[in-house]
Amino acid sequence: MRRLPLALALALSTLLAACAPPDTDAESPIFIIQFAEPAAAEVAALGLEIPVTGRVYVILTRDDEREPRHQLGRTGVPFWGTEVRGLTGGDEVLLVPGAEGVRGFPFQDFSSIPPGEYTAQAFLNVFTTFHRSDGHVLEMHMNAGEGQNPWRAPGNAMSEPVRVRVGPDETGAFRLAITRVIPPIEEVPEGGTLQQGNPPDRGEFVRFVKMRSEALSEFWGRDMYVGANVLLPSDYWTNPDRRYPVLYLTGHFPGRRAPFGYTDEPGEERGRSVGFSEFWRSPESPKLILISMRDANPFYDTGHSVNSANVGPYGDALVKELIPFLEEQFRIIPEEWARVLAGGSTGGWEALAVQIFNPDFFGGAWGWCPDPVDFHYYQIVNVYEDENAYETGTEWVRVERPNHRRVDGNVTSTIRQEMYYELAVGPDGRSGGQWAIWEALFSPVGPDGYAAPIWDRVTGEIDHQVAEYWRENWDLTHQLVTNWTTLGPKLTGKLHLTMGDMDSYYLNNAVELMEEALMGLSDPEPDVSFEYGRKKPHCWIGSSPWRPGEEINNAEFVRVVDEYLRDRGGRW
């Protein structure tokens, strides 16, 4: 790319405004963003690709308390993004909100930005090129130890926040220099990688492992890693002949956190973790090993531990690679009854799916507030019968579909809004967001190598052919009902679901449909537990067996798992 002299930038701005679509604001300011040479060298030193293919953004805010990049989200501050290619040190990028190829949120152009003082920040999201085994070449952000949050990812870069004034009386261009690169969260060992992070072992009971996955590396066409955060029981070192069952905790990227919030530092516990650490260290605690997975990928902060056409063979990576590796490294009982799963939200769906798709390998699963288990309610959209995901209503009156609500029913965002946010972060499902990973997980591969969208991302029109693929492959209720003769005898008593009946994302509807469908099955009778919390939001995980009227906490849950294993004949 070439540097743009200011006079040329101004001329290009005039041309862009003249060629812009009718709804584009002709008074949009020009942002000229330079990728400083030292920053480019630092990105290259971290092992990322130079010249850069990726996305560059401009973020505006009136709040000076936090960096603009930390204020982004579906209810966050305005920003605009555009694709860049061949970006090297010293190059400049021209970004004009509303111009062709520039996507903004919550405003596509600049006309809705009131005149006044703002803080602006430029940001660069660095992509990696993947030559996948299916023949497609994809350009996506590689996880760099933070999960899949581009605004915090090591190797991505930004400018210093700069005060700007925008309005009809302001002319010219704003220059922003990308000079800061986000450093690794912890030191990368020689010959190592940013992927999945490199947290060091901590204290007596917390261990971290990372391994190269053969299956994922072959699929993605480059070295790919998975990891695990391991919490050992209190007698692990004093009872060297003992072997242990494992509770695998599924869900979002755990970073360098120990399972269930365990810590050696007093006062750091929060929420359901309060009191857990002291209890875990005590002789009375259940003697289990707790393990959470680090499997962030180019789409999201977890691979969901299943084999997907777009995300890759994360199911094989877990069952055939990571778990056998862990069973060699630690004193784990390598038997079906001794492997159980639990997780909430994304992790709730994951725990249930992993159990259903591996009925002989795992001995039970707790799915708390799971992501959609029945696509008649994909959140609040019926992908099989609805025509449009963003709105419903009549010929004359259209109503936006909600995305998130409070327990009193007040809606805080719509599906269209969150989808448009993800489009601005990264088109083609490259946002690192929730809707992107669902499409990547459930959809067939599209003609361009990215996931086939379940609906038009701009209009919301549903593709029912893609929906049928979802039904046959990923609708968990459909999987259970159509395969019950085979699955029923293997899953009886193993599935446990909890859900607040005012789930923030309307996920309770799909769980209720699953319960209704399973209650119609027989031979064997489904022995699946469903528990609902009255007026409870996302993510309610069930009632305490010992404190009536209170939600179960982490210390109590491991006691529940311990009793479950013993009731099913476990001895260790």
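Parameters and conventions
Residues numbered from 1 in each chain as written. Predicted model: local features only at pLDDT ≥ 70, side-chain atom pairs only at ≥ 80, totals over all residues. Heavy atoms only, no water. Helix = DSSP H or I, 4+ residues; strand = E, 2+ residues; numbered from the N terminus. Rg over C-alpha atoms; globule rule 2.2 N^0.38 Å. Buried < 20%, exposed > 50% of the residue type's maximum accessible area, 1.4 Å probe, protein only. Salt bridge = Lys/Arg side-chain N within 4 Å of Asp/Glu carboxyl O. Disulfide = S-S within 2.5 Å. Polar contact = N/O pair within 3.5 Å; in protein donor to acceptor, adjacent residues only side chain to side chain. Contact = heavy atoms within 4.5 Å. Expected span 1.5 Å × (residues − 1). Phe/Tyr/Trp six-rings, centres within 6.5 Å; stacked < 30°, edge-to-face > 60°. Lys NZ or Arg CZ within 6 Å of the ring centre and 35° of its normal. pLDDT = per-residue confidence, 0-100. Axes fitted to C-alpha atoms, helices over the stretch in contact; angles between N-to-C directions. Parallel < 35°, antiparallel > 145°, perpendicular 65-115°, else oblique. Pairing = 2+ DSSP bridges. 1 Å grid on protein atoms, 1.4 Å probe; cavity = no way out; pocket = protein on both sides within 12 Å on 5 of 7 lines; lining within 4 Å. Points joined across faces, edges and corners; volume = space filled by probe spheres on them. Nonpolar A, V, L, I, M, F, W, Y, C, P; charged D, E, K, R; others polar.

Things to note about the overall build of the chain
Item 1. The helix and strand tally for the chain stands at 13 helices and 25 strands.
Item 2. In terms of C-alpha radius of gyration, the chain reaches 25 Å, essentially the compact-globule figure of 25 Å for 572 residues.
Item 3. Projected onto its principal axes, the C-alpha coordinates of the chain cover approximately 80 × 60 × 45 Å.
Item 4. In the chain, buried positions account for 59% of the 572 residues.

Observations regarding the pattern of salt bridges
Item 1. Evaluated as defined, the whole model comprises 34 salt bridges.
Item 2. Here Arg 163 and Asp 64 are joined by a salt bridge, their closest N and O atoms 3.3 Å apart. Here the residue Arg 163 occupies a position in strand S10 (residues 162-166), and Asp 64 occupies one in the loop between strand S2 (52-61) and strand S3 (79-87), the gap between them amounting to 99 residues.
Item 3. On the basis of relative accessibility, which here comes to 45%, the residue Arg 163 falls in the partly exposed class.
Item 4. A salt bridge links Arg 242 to Asp 235, with the shortest nitrogen-to-oxygen separation between them at 2.8 Å. Of the two residues examined, Arg 242 and Asp 235, each falls in the buried class.

What to know about the state of the cysteines
Item 1. Taken as a whole and assessed by the stated rule, the structure comprises 1 disulfide.
Item 2. Shown here is the disulfide that connects Cys 369 with Cys 539, its sulfur atoms set 1.4 Å apart. Its S-S torsion of about -40° marks the bond between Cys 369 and Cys 539 as left-handed, since a negative value means left-handed. Taken together, the positions of Cys 369 in the loop between strand S19 (365-368) and strand S20 (391-393) and Cys 539 in the loop between strand S25 (529-533) and helix H13 (554-567) put the pair 170 residues apart, joining distant regions of the chain.
Item 3. Judged by relative accessible area, which is 0%, Cys 369 ranks as buried.
Item 4. Under the relative-accessibility criterion, Cys 539 is labelled partly exposed at 22%.

A closer look at the side chain of Gln 148
Item 1. Summarising the element assignment, Gln 148 is placed in the loop between strand S8 (137-140) and strand S9 (157-159).
Item 2. Engagement of the side chain of Gln 148 in a polar contact is seen with the side chain of His 141, the distance being 2.6 Å.
Item 3. When neighbours within four sequence positions are excluded, Gln 148 is seen to be in contact with His 141, Met 142, Asn 143, Asn 297, Pro 298, Phe 299, Tyr 300, Asp 301 and Gly 432.

Comments concerning the environment of Ile 291
Item 1. Looking at the element boundaries, Ile 291 is found in strand S15 (residues 289-294).
Item 2. Ile 291 sits in the buried class, given a relative accessible area of 0%.
Item 3. A sequence separation of 38 residues divides Ile 291 from Gln 329, and the C-alpha atoms of the two residues are 13 Å apart.

Describing helix H6 (residues 346-357)
Item 1. Here H6 spans 16 Å end to end across 12 residues, near enough to the 16 Å set by a 1.5 Å rise per residue.
Item 2. For H6, a buried count of 11 out of 12 residues is recorded, marking the element as mostly surrounded by other parts of the structure.
Item 3. Where H6 is concerned, the buried positions are Thr 346, Gly 347, Gly 348, Trp 349, Glu 350, Ala 351, Leu 352, Ala 353, Val 354, Gln 355 and Ile 356.

Focus on the packing of aromatic side chains
Item 1. Taken as a whole and assessed by the stated rule, the structure comprises 39 aromatic pairs.
Item 2. Summarising the aromatic geometry, the rings of Phe 375 and Phe 442 are spaced 5.0 Å apart at their centres and angled 55° between planes, so their arrangement reads as tilted. Taken together, the positions of Phe 375 in the loop between S19 and S20 and Phe 442 in helix H8 (residues 434-442) put the pair 67 residues apart, joining distant regions of the chain.
Item 3. An aromatic cluster is built from Trp 349, Phe 357, Phe 375, Tyr 378, Tyr 390, Tyr 420, Trp 435, Trp 438, Phe 442, Trp 455, Trp 470 and Trp 474, whose rings are joined through pairwise contacts.
Item 4. One Lys or Arg, Arg 132, reaches over the ring of Trp 220 and ends 5.6 Å from the middle of that ring.
Item 5. One cation-aromatic arrangement involves Arg 222 over Phe 130; the distance from NZ or CZ to the ring centre is 5.7 Å.

Considerations on the confidence of the model for the chain
Item 1. Mean pLDDT over the chain stands at 94; residues scoring 70 or higher make up 95%.
Item 2. Of the regions scoring below 50 in pLDDT, residues 1-26 engages in 42 contacts with residues more than four places distant in sequence or in other chains.

Observations regarding the packing of H8 against helix H9 (residues 464-474)
Item 1. It is the contact of H8 with H9, at a shortest axis distance of 10 Å, that shows an interaxial angle of 75°. As the angle between them shows, H8 and H9 are arranged roughly perpendicular. The residues of H9 that touch H8, namely those facing Trp 438, Glu 439, Leu 441 and Phe 442, are Tyr 469, Trp 470 and Trp 474.

Some words on the sheet that holds S25
Item 1. Judged by pairing direction, the sheet is mixed, and its 8 strands sit side by side in the order S12-S13-S15-S14-S18-S19-S24-S25 without closing on themselves. The open sheet terminates on both sides in strands that have one partner only, identified here as strand S12 (206-212) and S25. Put simply, the sheet's adjacent strands are angled 20° from each other on average, direction ignored.
Item 2. Of the pairings in the sheet, the one linking S12 to strand S13 (residues 225-231) comprises 7 bridges and is antiparallel in character. Bridge pairing links Val 209 to Ala 228 in S13.
Item 3. Packing of H6 onto the sheet brings it into contact with strand S14 (246-250), strand S18 (339-344), S19 and strand S24 (495-500), and relative to S18 it is tilted by some 150°.
Item 4. Its contacts with the sheet place helix H12 (residues 508-518) against S24 and S25, and it is angled at close to 145° to S25.

Things to note about empty space enclosed by the protein
Item 1. Summed over all chains, the structure comprises 5 cavities of 30 Å³ or more.
Item 2. As a volume, the largest cavity reaches approximately 80 Å³.
Item 3. Residue lining of the largest cavity: Met 419, Glu 422, Leu 423, Gly 426, Pro 427, Gly 429, Ser 431, Trp 435, Ala 436, Glu 439 and Arg 457, and that is the complete set.
Item 4. At the level of secondary structure, the elements contributing two or more residues to the lining of the largest cavity comprise helix H7 (415-425) and H8.
Item 5. For the lining of the largest cavity, the per-class residue count stands at 5 nonpolar, 3 polar and 3 charged.

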